[in-house]
Amino acid sequence: MPRSKRKLTEMSSADDDRYVSKRLRHTSGRRARVEDTSFSPKRCLAWFREYTTPVEPDTLGPEGMEKFCKCIGVEPENVVMLVLAYKMQARRMGFFTKDEWLKGLSDLQCDTIQKLQFKLDFMCSLLNDQNVFKAVFRYAYDFARDKDQRSMDMETAKAMLQLLLAKQWSLFKQFDEFLDQSKYKVINKDQWCNILEFSRTIFNDLSNYDVDGAWPVMLDEFVEWLKLARSKSDVMTPLH
């Protein structure tokens, strides 16, 4: 409570100026303290060290990643972990470097488990933006592939497609079956990017697919395979 019990309206002009000035200084100081504690690189780095080893203090590896996922209550295979890696621009799946960690979590303003947990739904919601989804999809290719290879092995590709497209693409199941029986052992970047474009633009009945378009041969073959499979299904379906 103020020392003086005079009402504000009874203050002199000089008193009023001093009062306002004091309040402003107090408010500014309080705001500065809040901002200072909103994100702490030092605290963020200390958090990172909880998942690294003395041998590799600047790299969070697979074991640390497992512990990290457990701490935030997320399965490693959850798509939110891919979004987090995208935010960090991590180069290798299963690894976060110190610089990647600080970059991504600084952007998210998270330096504790609780703050990151609070942002999980927000990170998932980013995928509702088609441009962000496209960026994450393209990022996933270089992130997940073996850096010694120019293409992504089929097992990894199928897992990533499952993660990203299974709930969004009505033909995903058929495409997954097609890959299982196809001759393809790897997927290159052009094929990868066109799979997303195909999933977004081609109708379920394939009626707007242009066989003379610039689609990769893989997708031409998928369309042929699916049409044949559907024609066989129609033949086998008894008429009522």
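Look up a bit, the structure's there.
Since the model is a prediction, treat every value here as computed from it, not as a measurement.

With that settled, the discussion passes to the nonpolar core. Counting 66 residues, the largest nonpolar core has Phe68, Trp101, Trp192 and Phe198 as its most contacted members. Once residues within four sequence positions are removed from consideration, Trp192 is found in contact with Phe137, Arg138, Ala140, Tyr141, Met152, Ala157, Met160, Leu161, Leu164 and Ile187.

Another point: the side chain of Asp111. Looking at the secondary structure, you find Asp111 in the loop between helix H5 (98-108) and helix H6 (113-125). When its relative accessible area of 1% is taken as the criterion, Asp111 is described as buried. A distance of 2.9 Å separates the side chain of Asp111 from the side chain of Arg43, its partner in a polar contact. A distance of 2.9 Å separates polar atoms of two side chains, one belonging to Asp111 and the other to Lys115.

Between its first and last C-alpha, helix H10 (residues 189-201) extends 19 Å over 13 residues, near the 18 Å set by a 1.5 Å rise per residue. All of the buried residues along H10 are Gln191, Trp192, Cys193, Asn194, Ile195, Leu196, Phe198 and Ser199. Its side-chain oxygen at 3.2 Å from the backbone nitrogen of Asp190, Asn188 defines the N-terminal cap of H10.

All told, the structure shown has 24 aromatic pairs when counted by the stated rule. Note on Tyr86 and Tyr139: the rings are 5.7 Å apart at their centroids and 70° apart in plane angle, and the pair reads as edge-to-face. Here the residue Tyr86 occupies a position in helix H4 (residues 79-88), and Tyr139 occupies one in helix H7 (residues 130-144), the gap between them amounting to 53 residues. Taking the relative accessible area as the measure of exposure, Tyr86 reaches 23% and is therefore partly exposed. Under the relative-accessibility criterion, Tyr139 is labelled buried at 11%. For the ring pair Trp169 and Phe175, a centre distance of 5.3 Å and an interplane angle of 45° mean the geometry is tilted. The pair formed by Trp169 and Phe175 is uniform in burial state, with each residue classed as buried. Geometry around Phe95 places Arg92 over its ring, the cationic atom sitting 3.8 Å from the centre.

What counts as what
Residues numbered from 1 in each chain as written. Predicted model: local features only at pLDDT ≥ 70, side-chain atom pairs only at ≥ 80, totals over all residues. Heavy atoms only, no water. Core = buried A, V, L, I, M, F, W, Y, C linked by side-chain atoms within 4.5 Å. Buried < 20%, exposed > 50% of the residue type's maximum accessible area, 1.4 Å probe, protein only. Contact = heavy atoms within 4.5 Å. Helix = DSSP H or I, 4+ residues; strand = E, 2+ residues; numbered from the N terminus. Polar contact = N/O pair within 3.5 Å; in protein donor to acceptor, adjacent residues only side chain to side chain. Expected span 1.5 Å × (residues − 1). Phe/Tyr/Trp six-rings, centres within 6.5 Å; stacked < 30°, edge-to-face > 60°. Lys NZ or Arg CZ within 6 Å of the ring centre and 35° of its normal.

Purely spatial values, then, with no claim about function.
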